Amino acid sequence: MPESTAFHDLAAFLALPRVSSLALSPDGTRLVTAVQELSADRTRFIGALWEVDPAGERPARRLTRSGRGESAPRFLPDGTLLFLSSRPAADPGEGEEDRQEAALWSLPAGGGEAAQLLARAGGIDEYATAAGSSRIALGASLLPGATDAEQDQRLRDARRKAKVSAILHESVPVRHWDHDLGPGVPHVFTVADATAQDPAATDCGARRAAFAEGVALSPDGSLVAYATAVGTLPDELRSVVVVADAETGKPLRVLESPDAEFGAPAFTPDGRDLVCARRQRVTWDAPGDVTLWLASATDDRDAGRDLLPGFGQWPGAPVVSPVPGGDGAPVVYFTADEGGHGPVFRLSTGSGELLALTASGTYSDVVVAPDGGTVYALRSAVDSPPLPVRLDAATAGQQPAALPCPGQDTALPGGLTEVHATADDGTALRAWLVLPEGAGADAPAPLLLWVHGGPQTSWNAWHWRWNPWVAAAAGYAVLLPDPALSTGYGQHMHERGWAHWGGAPYDDVMALTDTALLRDDLDGGRTAMMGGSYGGYMANWIATRTDRFKAIVTHASLWNMYSFAQVTDFPAYWMRRQGDPLVTTERYERESPHLRAAQITTPMLVIHGDKDYRVPIGEGLALWNDLARFGVPAKFLYFPDEGHWIVKPNNVRLWYATVLGFLAHHVLGEEWQRPDLV
């Protein structure tokens, strides 16, 4: 193992290239990805598009370069490469140099300069292309009172000139994760030919803002499908898929169910049907389940059918092959968490045959070659950052090699193994264990228990924000458990923890910790715990239950369940699971850590961003004040301009530096060193 890696130096770690998204040209000869790197002044990440050789023979080639960056590559049928960027146009108009909203740009198939295709006053949030048509679908917004782009521009200019920032809401929700909703109302538009002099946009309908994710065009460009929400009262809101005529905007059908949510639509090759993600709505009793659903695109008499009956895991967004299978039925690809990995699955919608194409690693951004015989995706793992790979579409259990791309040479400061345990109810449990270089019986490493957020997710992929290798470079072993509520272990794993977030999940975490500490290369006398979001909730819960850890770090954490239920960005979802705090208090009283604040003795580092709307800042402030009230040794790292995730490079550096400094003081016995600049 190398004695010095990028993870030993936070500045070098932040400078590592970050690969995301994939797009494949219509002829299958060009594969494009987006790569984020630090800006010259090291204060922000800037994306650029790179072309990757699908055959894996040539080195990757950079295609774009600008001070604002590029993202979301897609291809038109003629091979033109599209992307989003907030860079100014070649001949910017008034205020264009200060544009912060993304516009749609193009690069000709034969090379040349990038040109701005479409721009809107409120920016373009997302877009979709059609396999056999030049039509484009856009997700963009209009201010209330505007009926077209010109009116929208005038209203935005008037607000800007008057320095008005107020937003008048008449329905919920008003926030989503880390940003305010409004004043613009999201819409879906289609444009028949974006290269025309003044391309006309067809309004295909308004969307509920917090549900505005997922737009698709049929292969011939005649239909557009998108996710939105229906319902008036907060608890009635549910995600649905709308299908509209792409030329006129006329709605043709709504795919919905009173007890389910629909999203991530994808058309079949003939454009007649849709494949969507379908999730049962959560209730007090059940965490819901996720499957893929096939239904007619236009016939609302067809309720559709489950494509994955009996499949134990939760599938991600479907990707439909451009050509049907040998039986004439559509072929669908998807990923799903499974046992600490996230394979690519191939599903024949006719026979129901399901094939796991990969043996290890976690995959995303799946794209399928025009002939249906090859699949490309980004592969990552706990010990490997995302990189593009090529898969054969009909072979199970593949171990693909990465295609040449920036970010390949990432040496790690240690190794990775697994820990297995058994819960009291007999459930098999597992965790990843990151071991630092040099750990052994003669030099046991201190252990850092790190609980994931969600809680319905898994430690199975690379994380730039929650990266255990930074801690390994500082000498810590890092335990990454998948307790009850984690994905990838069947529906039973969700059900075990649903009725009590602090019950089976806590017991599982402790069981895996106890098992790990039986190893002679770990030091049971020097342990710490940390987590963010739900992992932060678990950190707070653990702090009220045991003093076995030398220090606890809690990030963006739930503290007072009663107050949280009313101020989180979507209280209705929370109350379906937790109960109305004015009526059903059972789970609040059993699960809220704040009721046991007086029992905490472990030193704690509290971290929170003021722009966090999922777990609002009040939770962090209340925890901090309770720790002060009861004399617990504690520190509060506060980010006024960050949300649920800390994303600005220098804030990220300070986050890691403060966490490592706090742990070094309380776990390793080193003198506290206040990080620079805070």
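Residues numbered from 1 in each chain as written. Predicted model: local features only at pLDDT ≥ 70, side-chain atom pairs only at ≥ 80, totals over all residues. Heavy atoms only, no water.

Colleague: Go over the nonpolar core, please, and point to the residues and values.
Modeller: Counting residues in hydrophobic clusters, the biggest one holds 51 residues, and the most contacted among them are Leu-449, Leu-479, Met-529 and Ile-542. Excluding anything up to four places from it in sequence, Met-529 contacts Leu-448, Leu-449, Val-451, Gly-535, Met-538, Ala-539, Ile-542, Phe-549, Ala-551, Ile-552 and Val-553. One finds Leu-14, Ala-472, Leu-480 and Ile-607 within the second-largest nonpolar core, a separate group that totals 44 residues. (Core = buried A, V, L, I, M, F, W, Y, C linked by side-chain atoms within 4.5 Å. Buried < 20%, exposed > 50% of the residue type's maximum accessible area, 1.4 Å probe, protein only. Contact = heavy atoms within 4.5 Å.)

Colleague: Tell me about the sheet that holds strand E36 (residues 604-609), and name the residues and values.
Modeller: Where strands meet in a sheet, backbone hydrogen bonds hold them as pairs that are either parallel or antiparallel. If you walk across this open sheet you meet the eight strands as E30-E31-E33-E32-E34-E35-E36-E37, and the pairing is mixed. Strands at the two margins of the open sheet, each flanked by one partner only, are strand E30 (414-422) and strand E37 (634-639). Going across the sheet, the axis of each strand differs from the next one's by a mean of 20°, ignoring polarity. By the bridge criterion, five bridges tie strand E34 (residues 522-532) to strand E35 (residues 551-555) in an arrangement that is parallel. Paired with Ala-528 across the strands is Ala-551, a residue of E35. (Pairing = 2+ DSSP bridges. Helix = DSSP H or I, 4+ residues; strand = E, 2+ residues; numbered from the N terminus. Axes fitted to C-alpha atoms, helices over the stretch in contact; angles between N-to-C directions.)

Colleague: Quick rundown of the pattern of salt bridges? Include the residues and the values.
Modeller: Tallying each qualifying case throughout the model produces 25 salt bridges. Close ionic contact of Arg-175 with Asp-180 constitutes a salt bridge, the shortest N to O distance being 3.8 Å. The salt bridge involving Arg-526 is made with Asp-523; its shortest N-O contact spans 2.7 Å. Residue classification places Arg-526 among the partly exposed residues on the basis of a relative accessible area of 27%. (Salt bridge = Lys/Arg side-chain N within 4 Å of Asp/Glu carboxyl O.)

Colleague: How would you explain unusual backbone geometry if you had to name every residue and give the values?
Modeller: Cis geometry marks the peptide bond from Gly-182 to Pro-183; its omega dihedral reads 0°. One non-glycine residue, Ala-72, lies in the positive phi region at around 55°. In this structure, Trp-177 is a non-glycine residue whose phi angle is positive, near 55°. Within the secondary structure, Trp-177 is located in the loop between strand E11 (175-176) and strand E12 (179-180).

Colleague: Provide a residue-level description of the packing of helix H5 (residues 504-516) against helix H6 (residues 534-545), including the pertinent values.
Modeller: One can describe the packing of H5 onto H6 by two numbers: an axis separation of 11 Å at closest approach and a directional angle of 80°. If you check the angle between H5 and H6, you find them roughly perpendicular. Of the residues in H6, those in contact with Pro-505, Tyr-506, Val-509 and Met-510 of H5 are Tyr-534, Met-538, Trp-541, Ile-542 and Arg-545. (Parallel < 35°, antiparallel > 145°, perpendicular 65-115°, else oblique.)

Colleague: Residue-level account of helix H2 (residues 149-162), with values.
Modeller: In a regular helix each residue adds 1.5 Å, so 14 residues correspond to 20 Å; H2 covers 20 Å between its end C-alpha atoms and thus fits that length. Where H2 begins, the capping side chain belongs to Asp-148, and its oxygen is found 3.2 Å from the backbone nitrogen of Glu-150. Remark: Lys-163 follows H2 within two positions and exhibits a positive phi of approximately 55°. (Expected span 1.5 Å × (residues − 1). Polar contact = N/O pair within 3.5 Å; in protein donor to acceptor, adjacent residues only side chain to side chain.)

Colleague: Tell me what's going on with the side chain of Asp-521, and back it up with residues and numbers.
Modeller: By secondary structure assignment, the location of Asp-521 is in the loop between H5 and E34. Within the structure, Asp-521 has its side chain in polar contact with the side chain of Arg-519 (distance 2.8 Å). If we ignore the near neighbours within four places in the chain, the residues touching Asp-521 are Leu-435, Ala-439, Gly-440, Ala-441, Pro-444 and Ala-445.

Remember that the coordinates give geometry; whether it matters functionally is a separate question.
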